[in-house]
Amino acid sequence: MPVAIGMLRAMADGDVSRPVFWADQIAMELAASTAAPATDGIAEHPADGRDDPASAGGAGPAQVMNDSKTPSGRAHVGALRGVLVHDAVLRSCRAAGMAATYRFGSDDMDPLDELSPGLEDHLRPHLGKPLHAVPAPPGVDAPDLATWFIDELFGVFEPLGVGAVTYRMRDVYRSGQFDDAIDAIVRHAGAVREVYRRVSGSQRPDDWLPLQVVCERCGRIGTTSVSDYDGETVAYQCRRDLVAWAEGCGASGRVSPFGGRAKLPWKLEWVAKWHVFGVTVEGAGKDHTTRGGSREVAAACLEAVFDEVAPRNVPYEFFLVGGRKMSSSRGRGVALGDMARLVPPDLLRFVMLRVPPRRAVDFEPDLATVSRLFDDYDRLVNKVASGACTPADVALYETARAHPAERGPLGGSSVRPAPVSRSLPPFDTVVSVLQLPHLDTVAALERGIGRQLSAGERSVLDERMASARTWLEVFADPAERIELQHAVPASAEALDQRQRAYLHVLADLLEDCPWQGTAVQAALFDAARCTPIAPRDGFSAVYQVFLGRRDGPRAGYLLAFLDRAQVLARLRALPYDAAGLWQATACTSISEAVDWVAEVVPGAAAPATAPAEVVLRPVAIDGVGVSGTGMSGGAAQAPGSPASVAAAGVELDVLDSQGRRHRARLALGGPGAAGSRQQVAVAEQVAAALTEAGYEVRSAPRRAAPDHSAAPGGRARRASAG
RNA sequence: GCGCCUCUAGCUCAAUGGCAGAGCAACGGACUCUUAAUCCGCAGGUUGGGGGUUCGAAUCCCCCGGGGCGCACCA
C-alpha cells in the first residue's frame, strides 16, 4: 500500500494532465532547473557541512531551504504559514528523491522596535537593543526575550513534524560565519547603494554603509549609523534621532564589525544567508514579495556583490482570521499556542497546506468553520483510504500528516501506516455533547452513531474531544457556548403566559416520567399538546429557563442528565396566570369537549383499535392558580382580576393509540360554579358521553392545591412508560 | 501609483484545456413525532461582464467591473 501511494504521486507517473499538488510542482521545477548546469554560483556554495545527515541519501543536487522569523512578539498562527510552506516543499523534494535540508533561523540580532502589549514598561528601556540582549520579563522562565518568543514557535515544530534544523542569528554572527560576507558587502557598499536607488528608489548618503554595530556604551543596535570601513573597523555613531522608536545614547567610536559586534540590515542579512548557507529555496510573505520590495532588493544585491542568483522564491499569502490580517502588536489574531491546542497537528498542517501558497488562508475559529475543517479532513482521509482519489489528494494527505518519529530521508512513506477510513461524530456534535453535564461523552457519542468505535477511531475521537474542550474554553463566545444557568436567568422574564404555562404543564408531566432522554423528549411534545402551544415556542421556553438562550441541544437529553427535582423546581419557578390560560383555552360546553376528544382520537370510528383512554380530572381554579399545577406563589396574583373567569373546571387528558397525550379543559362557568358537586356532575356527564362513543374513561381524584405529590396514578399510563 | 489574490448553487468551496461537482442550508419524505446527535430523496448554474485563442475555456490571453490584501516609512 505504501508503494501504491508513492506511485500515485504525480511525479512518478508523469501524467501532467492530472492535478498536481503545488509543492510537488515546485519540487519538479527545482529538479529541472538545478539539474541543468545553470549560470548561477549556487553550486559552489554547498551548505557548509552542517546538513542534516538524514538527507544525505537523496540523489541530485542538494536543495537548501531557509526561512526565519524575528522574535519580536508572541507568535501567532500566521507565523506558521511560512514554516509549513517550506516544510511541504521539503517533503516533496525528498519524496522525489532529492537531497534537501531545511534551516529555520531566529533573527534575534534584530533590534527591539515595538512594545508588546502588556510588556510596555518592561521593554521600553530596551528599545533599540538586539532582541537577544533584552531580558525576559519578570516571572518568565527564559534566558532572554528572543528565546522566550521564538521558543513558542520552535516548540510546535516537533509535534507538527516540521523537518527544520533551527539556528539563531546571534550564534551565526558570534561564530564568525558571516564575517567574510560582512566584509564583502561593506566593500561593495557603493553597489548596494546603487541597487537600493535603482530597485526600490531609496536614496542613501554616499558614506552610508549597510551595517549596524552594537553601541559599546548603551548596547543598542537599532540606533547606530556606520561609515568608513578600513578593513578592520568601522566608525559609528549612536544617534538619538536615527529612528523614531528608539533613542541612541550619542556615543561614537570605532569598532570591529566582526564576531557578533555588528549585524547587516535586513535585506543584506538575507543576502549573506543565501550566500553563506547556499540557500536554494526561500519563500517570503507577500509583504516582501512586491515589486521593488525587500526580496527584490536582496536578490539584486546578491547578484551585485556575489554574482549569484537568488534562491527560488515561494511567495505566500497571509493567514487571515475572519478576513483580517493578524497583528500581534494590536493583539488581534489567534495565538499560536491556542491554535495548536485547538486543532490536532494533522489538521493544522492541512489547513495551512491545502491551499496554494499564493492564496490567503482565511480561518475563523468559530464553530462552523472549525467543524468544517474537521469534516474536510475526514473526507480527505476517507478518500485516500478508499483509493478514489487523485495524486494531489494523496500528496496533500501525506504532506498534512504530522508524524515526526517516522520522518525519513525520502519522507518515510514506506513505514507510514496506511490511512484508515473513519466515521466519527462531527466536531460540533462533540462540542454539544461535551457540554452536557454528568455525561459519559464517549458512550453518548457511540450511541449517537449507533456502534462502537474502533481503537483507531477512538484515539482520533479523544483528540477531537480535546479540541472541543479547547474550543469551548478559549474560542467559543457566549453566543456559541451553552452553559447551564444556576437560576432562572433574567432574560426568561420575557417569556409570555403561554410559555410559562407550558413549563408548568411540563413539570407535572415530568413528575413520574421515566428519567431518560427519549421519554423526556416525548414529554416535551406531550406538554406542548397539553398546553397547547407550538412545540417550537415550548422548547424555546425550556432553553430560556435552563440555558438563557432560545435554542440548544436536544432538550430531552439535556434535561434527562440533570437532577429531576432541580428540573421540576426550575420549570415551576416562573409564575403564570392560570386563570388566563383557562380563559384562553377552555371549552365552555360538554358537547364541545366531546367533539374535541373525537377529533383528537377517532375512537368510535375505529372500533377495531384499542379504545383510547380518557382521564377526567376535576380542577379547582380559585382565582389565583389552578390546584395541582404546583404553583405556590398564588398570593402574587392580584385579587380582583380573575373574578370574571371560570372558578372550576375539568381537565380531559386523552392518550391516543401511540401514547401521545392530549389535553382539553372544560370550564364550568362563573365564580359561583366552584362547588365540587357541580364538578362531579359535569364529569359524570362527560364520562357518559364518551363511554357511549366507545372510549375508556377513568376519572382522577381532584388534586389538592399545594401538594402535587399525590399525583393520580393513571396519569403516566402510556406506552413508553411501561 | 505599483503589485498580489479573488469572483462558480442561498453559504463555504472543488473541478489547473475534455460531460460544472461536493459539504452545509433549503425543500420533500421517513423516524412514538421538525428544534444543535438519525436516514433517504429532490432541486438548485448564462462560472462577475465583454472580447480573443482553441475542435473544445470556469480554466489560457486582453479589456472592464466588484471585493480583499500588500508595498511605496522598517524588519
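Only a predicted model underlies this, so the values are computations on that prediction, with no experimental measurement involved.

Definitions and cut-offs
- All chains use their own residue numbering, which begins from 1 and follows the written sequence.
- Chains carry letters from A onward and ligands carry numbers from 1 onward, assigned in written order.
- In view of the model being predicted, local features appear only for residues whose pLDDT reaches at least 70, and side-chain atom pairs are presented and counted only at 80 or more, with totals across whole chains, interfaces and linings using the full set of residues.
- The basis for the side-chain values is all heavy atoms of the structure; hydrogens and waters are excluded.
- Strands were regarded as paired on the criterion that DSSP finds at least two bridges between them.
- A helix here means a DSSP run of H or I that spans at least four residues, while a strand means a run of E at least two residues long, and both kinds are numbered starting from the N terminus.
- Lines fitted to C-alpha atoms define the axes here, with helix axes fitted over just the stretch in contact, and angles between the N-to-C directions of these axes take values from 0 to 180 degrees.
- One heavy atom within 4 Å of a molecule or strand makes the whole residue count as near it.
- Polar contacts here mean pairs of N or O atoms no more than 3.5 Å apart (in protein, one a potential hydrogen donor and the other a potential acceptor; neighbouring residues in sequence count only if both atoms are side-chain atoms).
- Classification used: nonpolar for Ala, Val, Leu, Ile, Met, Phe, Trp, Tyr, Cys and Pro, charged for Asp, Glu, Lys and Arg, polar for all others including Gly.
- A residue's pLDDT is simply how confident the predictor is in it, with values from 0 to 100.
- Contacts are assigned to residue pairs that have any heavy atoms within 4.5 Å of one another.
- Partly exposed residues are those whose accessible area sits between 20% and 50% of the maximum for their type, while under 20% is buried and over 50% is exposed, using a 1.4 Å probe and protein chains only.

A. Structural context of the sheet that holds strand β7 (residues 252–255). Taken in spatial order, the three strands make up an open sheet running β5-β6-β7, and their pairing is antiparallel. A single partner strand is all that each edge strand has here, and the edge strands are β5 (224–227) and β7. If you compare each strand with its neighbour and ignore which way they point, the axes differ by 30° on average. Bridge count between strand β6 (residues 234–238) and β7: four bridges; the pairing is antiparallel. Across the sheet, the residue bridging to Q237 is S252, located in β7.

B. Spotlight on the protein's contact with RNA strand B. Of all residues adjacent to RNA strand B, which total 36 residues, the nearest are D110, R359, F525, R529 and P535. A distance of 3.5 Å separates a sugar or linking oxygen of RNA strand B from a polar side-chain atom of T70. Contacts to RNA strand B include R549, whose side-chain N or O atom sits 3.0 Å from a base nitrogen. Breaking the surface near RNA strand B down by element, the ones donating at least two residues are α12 (286–289), α16 (367–386), α18 (427–434), α19 (441–449), α22 (517–530) and α23 (535–547). No other element matches α23, which puts four residues into the surface near RNA strand B. For the surface near RNA strand B, the residue count by class is ten nonpolar, eight polar and 18 charged.

C. Region of the structure containing the confidence of the model for chain A. For chain A, per-residue confidence averages 77 on the pLDDT scale, and residues scoring 70 or more make up 77% of the total. Ignoring residues within four places in sequence, the model shows residues 623–646, a span with pLDDT below 50, making 44 contacts including any to other chains.

D. Looking closely at the environment of E684. Assignment of secondary structure puts E684 in helix α28 (residues 676–692). On the basis of relative accessibility, which here comes to 54%, the residue E684 falls in the exposed class. For the pair E684 and S699, spaced 15 residues apart in the sequence, the C-alpha separation amounts to 9.1 Å.

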